[in-house]
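Inside the fold
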Amino acid sequence: GAPIAAIPTLNCVVLKSFVKIACNDRTVGQIGQPSLLNCVVKPTQDTTDIDIVNVKWKRSGDAESFLNCHQDEGCTGTWPGYRFADFSSEWDSKNTNISLLITNTQVKDEAKYTCYVYTDSGDDEVDVDLQVTAKYSLPNVSLVPEKKNPNSKEALLCKASGGYPKGTIRWFDENNETISAETEVKTMDNGLFELSSKLVSLNGSTFSNYTCIVFNSSGGKENEGFEGTPSPVVKTPNVVAGVLVIGSLIVGLLLLLLIRRRRAQRKSLLEFWL
Ligand SMILES: *[C@@H]1O[C@H](CO)[C@@H](O)[C@H](O)[C@H]1NC(C)=O
Ligand SMILES: *[C@@H]1O[C@H](CO)[C@@H](O)[C@H](O)[C@H]1NC(C)=O
């Protein structure tokens, strides 16, 4: 019989990639400092010679990449301050270090980034999360008038600013016991946070030693590096000052009286003899 023509079946061809991008899966950057999203293209087989055709970086949610190097078209960067860490416009397609460098990290840089690579040995893409942190300033404690609470006249206000992510302020008394007080969080213009917490003195009671300490988002004590530097402690500032003033006044008055009396005595002696 006649041979049956073989009908070619269309196979779905999966092109296996012989490269992969290896990155640190999480990077923590500090505000105002450079951040490196460290990525390198690696062969998965014995391929030693990888030739990159195109590499680009995109921020999650954006349609366009902000950094792009192409063998034929060269490199384009749309954002100042974001560049390849290991090369600038002079790109070498054999350079497998495709790390992204953010020169001056800001709060707005906290995002997921995707890196794409197209090579002669296959393609790959990878996501990298950038988290940013900033340390809060040393807390500042001041005595402020209290208006909201009718049972008290004044309150202690503790403030620390310029930190990220959100932290909390906690108060401790002289026995190191926690005193509950709420932390208010405000967002500053640059996206950093300002924390404040108010401790209200109740009916007639005065403030003794209170310490306010700032804790970061993971519950770590901030400014812990300053061993031996006590956090701001408030020692009944108004009362202590008052006692001092009255004390010096009394001493002054006593001295004055003493001098007057001596003079008066001398005077009367003189009068007696004359
Ligand atoms: C990539 O290059 C940057 C800048 O030269 C360097 O800091 C980083 O360590 C390099 N990464 C790898 C994986 O070699
Ligand atoms: C919080 O503080 C601790 C101790 O100082 C530190 O190890 C940790 O990295 C800090 N976490 C953040 C998110 O800043």
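Above this text you will find the structure in question.
How each quantity is defined
Residues numbered from 1 in each chain as written. Chains lettered and ligands numbered in written order. Predicted model: local features only at pLDDT ≥ 70, side-chain atom pairs only at ≥ 80, totals over all residues. Heavy atoms only, no water. Near = heavy atom within 4 Å. Polar contact = N/O pair within 3.5 Å; in protein donor to acceptor, adjacent residues only side chain to side chain. Nonpolar A, V, L, I, M, F, W, Y, C, P; charged D, E, K, R; others polar. Disulfide = S-S within 2.5 Å. Helix = DSSP H or I, 4+ residues; strand = E, 2+ residues; numbered from the N terminus. Buried < 20%, exposed > 50% of the residue type's maximum accessible area, 1.4 Å probe, protein only. Pairing = 2+ DSSP bridges. Axes fitted to C-alpha atoms, helices over the stretch in contact; angles between N-to-C directions.

All right, on to the site of ligand 1 then. Taken together, Leu 36, Asn 38, Ala 85, Asp 86, Asn 97 and Ser 99 form the complete shell of residues around ligand 1. In the environment of ligand 1, an oxygen atom lies 2.7 Å from a nitrogen or oxygen atom belonging to the side chain of Asp 86. Separating an oxygen atom of ligand 1 from a side-chain N or O atom of Asn 97 is a distance of 2.3 Å. Its residues assigned to classes, the shell around ligand 1 comprises two nonpolar, three polar and one charged.

For the coordinates displayed, the defined rule picks out three disulfides. A sulfur-sulfur distance of 1.8 Å marks the disulfide that ties Cys 158 to Cys 212. On the criterion of sequence distance, the pair formed by Cys 158 in strand S13 (residues 154–163) and Cys 212 in strand S18 (residues 209–215) is long-range, its members being 54 residues apart. Taken as a pair, Cys 158 and Cys 212 share a single burial class, namely buried. When the bonded cysteines of the chain are numbered from the N-terminus onward, they pair as 1-2, 3-4, 5-6.

Here we take up the sheet that holds strand S16 (residues 183–187). The antiparallel open sheet is built from four strands, whose spatial order is S12-S13-S17-S16. Either end of the sheet is taken by a strand with one partner, and the two such strands are strand S12 (140–145) and S16. Across the sheet, the mean angle from the axis of one strand to that of its neighbour is 25 degrees, orientation sign disregarded. As defined by bridge partners, S16 adjoins strand S17 (residues 193–200) across five bridges and the pair is classed as antiparallel. When the sheet's bridge partners are listed, Thr 187 is paired in S17 with Phe 193.

Note that the residue after Tyr 164, namely Pro 165, is joined by a cis bond; omega there is -10 degrees. By secondary structure assignment, the location of Pro 165 is in the loop between S13 and strand S14 (168–172). Positive phi values are uncommon outside glycine, yet Asn 176 reaches one of about 65 degrees. Along the chain, Asn 176 falls in the loop between S14 and strand S15 (178–179).

Our next topic: the sheet that holds strand S3 (residues 35–37). Across a sheet, paired strands are connected by hydrogen bonds in the backbone, their directions being either parallel or antiparallel. Strand order across the open sheet formed by three strands is S3-S9-S8, with antiparallel pairing between neighbours. The open sheet has two edge strands with one neighbour each: S3 and strand S8 (82–84). Averaged over all pairs of adjacent strands, the angle between their axes in this sheet comes to 25 degrees, without regard to strand direction. One ladder, built from three bridges, connects S8 with strand S9 (residues 100–102); its direction is antiparallel. The residue of S9 that forms the bridge with Tyr 82 is Ile 102.

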